[in-house]
Amino acid sequence: MAATATVLSAALWLRAPATGTLIVCALTTAVSIAITLAGDRAWNRVAFAVAATLFVAVVASAERARSNLTTYPRIARTAV
């Protein structure tokens, strides 16, 4: 169930990127990792936790870049 919530929150961020959505995605990823560590550490669960963590890291980087482009629109225009 936590894995489903993680995937849905990631899909929500892809649909509507926002900082709040990133926070939800990070929280559901943390819950998935906690359940993986507390329960049976099957390879598929570990692989999912690693993939979700990498997704959150990439999304955080993209969110930071999006924030910078919004904050400094002149720099964004010259970058294009």
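Residues numbered from 1 in each chain as written. Predicted model: local features only at pLDDT ≥ 70, side-chain atom pairs only at ≥ 80, totals over all residues. Heavy atoms only, no water.

Observations concerning the environment of M1
Along the chain, the position of M1 falls in the segment before α1 (2-15). Sequence-wise, M1 and S32 are 31 residues apart; in three dimensions their C-alpha atoms are separated by 8.7 Å. (Helix = DSSP H or I, 4+ residues; strand = E, 2+ residues; numbered from the N terminus.)

Focus: helix α3 (residues 43-71)
Quick reminder: α-helices carry 3.6 residues per turn. Residues three or four places apart thus point the same way. Compared with an ideal rise of 1.5 Å per residue, which puts 29 residues at 42 Å, α3 spans 42 Å between its outermost C-alpha atoms and is within 8% of the ideal. Close packing links the buried residues of α3 with α1 and α2 (19-38). (Expected span 1.5 Å × (residues − 1). Contact = heavy atoms within 4.5 Å.)

Things to note about the packing of α1 against α2
It is the contact of α1 with α2, at a shortest axis distance of 8 Å, that shows an interaxial angle of 160°. Regarding the angle of α1 to α2, the classification is roughly antiparallel. Viewed along their axes, α1 and α2 form a crossing whose handedness is left-handed. Contact residues: α1 offers A2, A3, A5, T6, S9, A10, L12 and W13, while α2 offers T21, L22, V24, C25, T28, T29, V31, S32 and I35. Its residues placed into classes, the contact of α1 with α2 shows 11 nonpolar, six polar and no charged. (Axes fitted to C-alpha atoms, helices over the stretch in contact; angles between N-to-C directions. Parallel < 35°, antiparallel > 145°, perpendicular 65-115°, else oblique. Left-handed = near helix turned anticlockwise from the far one by under 90°. Nonpolar A, V, L, I, M, F, W, Y, C, P; charged D, E, K, R; others polar.)

A few points about the nonpolar core
Counting residues in each nonpolar core, the largest one holds six residues, listed as A10, W13, L22, C25, V56 and V59. Breaking this core down by element, the ones donating at least two residues are α1, α2 and α3. When sequence neighbours within four positions are dropped, the list of residues in contact with V56 reads L22, C25, A26 and T29. (Core = buried A, V, L, I, M, F, W, Y, C linked by side-chain atoms within 4.5 Å. Buried < 20%, exposed > 50% of the residue type's maximum accessible area, 1.4 Å probe, protein only.)

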